[in-house]
Amino acid sequence: MDTRAAVIAIIVKNTESANEINNVLHEYGKYIIGRMGIPYQKKNISIISIAIDAEQDIINTLAGKIGRIEGVTTKTVYSPE
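The structure displayed is predicted, hence computed values, not measured ones.

### Observations concerning the layout of surface pockets
Phase 1: Estimated volume of the largest pocket: approximately 150 Å³.
Phase 2: Looking at side-chain class alone, the lining of the largest pocket contains one nonpolar, two polar and five charged residues.

### Describing the pairing of strand S1 (residues 4–12)
Successive side chains on a regular strand alternate, one facing one side of the sheet and the next facing the other.
Phase 1: Only one face of S1 is covered, namely the face carrying Arg4, Ala6, Ile8, Ile10 and Val12; the face carrying Ala5, Val7, Ala9 and Ile11 is uncovered.
Phase 2: Summarising the sheet, S1 and strand S4 (residues 72–78) pair through seven bridges and their orientation is antiparallel. Residue pairing for S4: Val7 is matched across the bridge by Val77.

### Focus: the packing of aromatic side chains
Phase 1: Under the counting rule described, the total for this entry stands at one aromatic pair.
Phase 2: With centroids separated by 6.5 Å and ring planes inclined at 40°, the aromatic side chains of Tyr28 and Tyr31 adopt a geometry described as tilted.
Phase 3: Among the residues examined, Tyr28 registers a relative accessible area of 9% and is labelled buried.
Phase 4: For Tyr31, a relative accessible area of 23% gives the class partly exposed.

### Some words on a nonpolar patch on the surface
Phase 1: Where nonpolar side chains cluster on the molecular surface, the patch consists of Ile11, Met36, Ile38, Tyr40 and Ile47 and spans about 400 Å² of accessible area.
Phase 2: A total of three residues in the nonpolar patch trace back to one element, the largest contributor, which is strand S2 (residues 32–40).
Phase 3: Among the residues examined, Met36 registers a relative accessible area of 48% and is labelled partly exposed.

### Some remarks on the sheet that holds strand S3 (residues 45–54)
Phase 1: Ordered in space as S2-S3-S1-S4, the four strands form an open sheet in which the pairing is antiparallel. On the outer flanks of this sheet lie S2 and S4, each paired with one strand and no other. With strand direction ignored, the average angle separating the axes of adjacent strands in the sheet is 15°.
Phase 2: Relative to S3, S1 runs antiparallel, the two sharing nine bridges. What sits directly across from Ala6, in S3, is Ile52.
Phase 3: Against the sheet, helix H1 (residues 18–27) engages S1, S2, S3 and S4, with an angle of about 165° to S2.

Parameters at a glance
Residues numbered from 1 in each chain as written. Predicted model: local features only at pLDDT ≥ 70, side-chain atom pairs only at ≥ 80, totals over all residues. Heavy atoms only, no water. 1 Å grid on protein atoms, 1.4 Å probe; cavity = no way out; pocket = protein on both sides within 12 Å on 5 of 7 lines; lining within 4 Å. Points joined across faces, edges and corners; volume = space filled by probe spheres on them. Nonpolar A, V, L, I, M, F, W, Y, C, P; charged D, E, K, R; others polar. Buried < 20%, exposed > 50% of the residue type's maximum accessible area, 1.4 Å probe, protein only. Helix = DSSP H or I, 4+ residues; strand = E, 2+ residues; numbered from the N terminus. Pairing = 2+ DSSP bridges. Phe/Tyr/Trp six-rings, centres within 6.5 Å; stacked < 30°, edge-to-face > 60°. Patch = residues over 30% accessible without salt bridge, like charges linked within 9 Å, V, L, I, M, F, W, Y side chains within 5 Å. Areas by Shrake-Rupley, 256 points an atom, 1.4 Å probe, with all protein chains shown as cover. Salt bridge = Lys/Arg side-chain N within 4 Å of Asp/Glu carboxyl O. Axes fitted to C-alpha atoms, helices over the stretch in contact; angles between N-to-C directions. Contact = heavy atoms within 4.5 Å.

Printed below as a string of structure tokens:
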């Protein structure tokens with residue numbers, strides 16, 4: 001199947017969710033191109049961006065798993081096919 005490049009933006013309000021987020025990202029590590037995390041102390045949040053190259057179903061599953069973690073919000077942007 002064809003793969004797509006995408007960026008998953010993650011906003012973490014509950015810093016206690018970090019271990020759970022890292023476990024999910026580790027599970028999908030072979031698809032991840034890179035990641036960047038920025039603590040934004042002014043708003044008491046962390047901002048994480050994940051660059052990924054995978055089949056769309058895999059990207060959707062990863063974003064969904066992370067988005068279901070308490071105190072976490074995600075949004076995914078896909079490259080054109």
